[in-house]
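# Fold and geometry: a report
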Amino acid sequence: QVQLVESGGGLVQAGGSLRLSCAASGRTFSMYTMSWFRQAPGKEREFVAVIKGSGGNANYAPSVNGRFTISRDNAKNTVFLQMNSLKPEDTAVYYCAASQYFSTVPRDYDYWGQGTQVTVSS
């Protein structure tokens, strides 16, 4: 069982930055692929970024590639999402999730956090 708690969301102007954190419980954190997804009002949940358990491999959605960076600290059971050059279309609830698979598909993820709101004003 893995419990995930996100933090770091908030209101920011376009062009600004935010850093999201996701703290995980359990002693097997490094075994899990971790991802960030987001969901805007009236839209489906979409993939943002994924990182392998070792932290060696990462992948990004085209819409955030070059602006967002996913990283993890396995010693602290935490995964991060550094978001730069934010745009109004990045506004959404951001969720972290854990999976046994290196996947970008929500159904492959067994554990989810409660989400943190990110709002980007124009």
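Here we summarise the structure given alongside this text. Treat the numbers as computed from the prediction; the structure is a model and nothing was measured.

## Considering the overall build of the protein chain
Scanning the protein chain for helices and strands turns up 0 helices and 11 strands. Each helix and strand of the protein chain, placed in order from N terminus to C terminus, yields the pattern β-β-β-β-β-β-β-β-β-β-β. Taking all 122 residues of the protein chain together, the buried fraction comes to 44%. For the protein chain, the proportion of contacts with a sequence separation of at least 24, taken over those separated by at least 6, is 57%.

## Here's the deal with the state of the cysteines
Under the defined criterion, the tally for this structure stands at 1 disulfide. A sulfur-sulfur distance of 1.9 Å marks the disulfide that ties Cys22 to Cys96. An S-S torsion of about 50° defines the bridge between Cys22 and Cys96 as right-handed. Of this pair, Cys22 sits in strand S3 (residues 18–24) while Cys96 is found in strand S9 (residues 92–99), placing the two residues 74 residues apart along the sequence. With relative accessibility at 0%, the residue Cys22 sits in the buried group.

## A look at the sheet that holds S3
Reading across from one edge, S1-S3-S8-S7 is the order of the 4 strands in this open sheet, with antiparallel pairing throughout. This sheet does not close on itself; its edge strands, each paired only once, are strand S1 (4–7) and strand S7 (68–73). Neighbour-to-neighbour, the strand axes of this sheet turn through a mean angle of 15°, independent of strand direction. Both S1 and S3 contribute to a ladder of 4 bridges, which runs antiparallel. Bridge pairing links Leu4 to Ala24 in S3.

## Here we look at the nonpolar core
Note on soluble globular proteins: their nonpolar side chains tend to be buried together. Of all hydrophobic cores here, the largest spans 35 residues; its most connected members are Leu4, Met34, Trp36, Leu81, Met83 and Tyr94. Elements represented by at least two residues in this core include exactly S3, strand S4 (33–39), strand S5 (46–51), S7, strand S8 (78–83), S9 and strand S11 (116–121). Among all residues touching Leu81, those that are not within four sequence positions of it are Leu18, Arg19, Leu20, Trp36, Val48, Ala49, Phe68, Thr69, Ile70 and Tyr94.

Conventions and cut-offs
- Residues numbered from 1 in each chain as written.
- Predicted model: local features only at pLDDT ≥ 70, side-chain atom pairs only at ≥ 80, totals over all residues.
- Heavy atoms only, no water.
- Helix = DSSP H or I, 4+ residues; strand = E, 2+ residues; numbered from the N terminus.
- Buried < 20%, exposed > 50% of the residue type's maximum accessible area, 1.4 Å probe, protein only.
- Contact = heavy atoms within 4.5 Å.
- Disulfide = S-S within 2.5 Å.
- Pairing = 2+ DSSP bridges.
- Axes fitted to C-alpha atoms, helices over the stretch in contact; angles between N-to-C directions.
- Core = buried A, V, L, I, M, F, W, Y, C linked by side-chain atoms within 4.5 Å.

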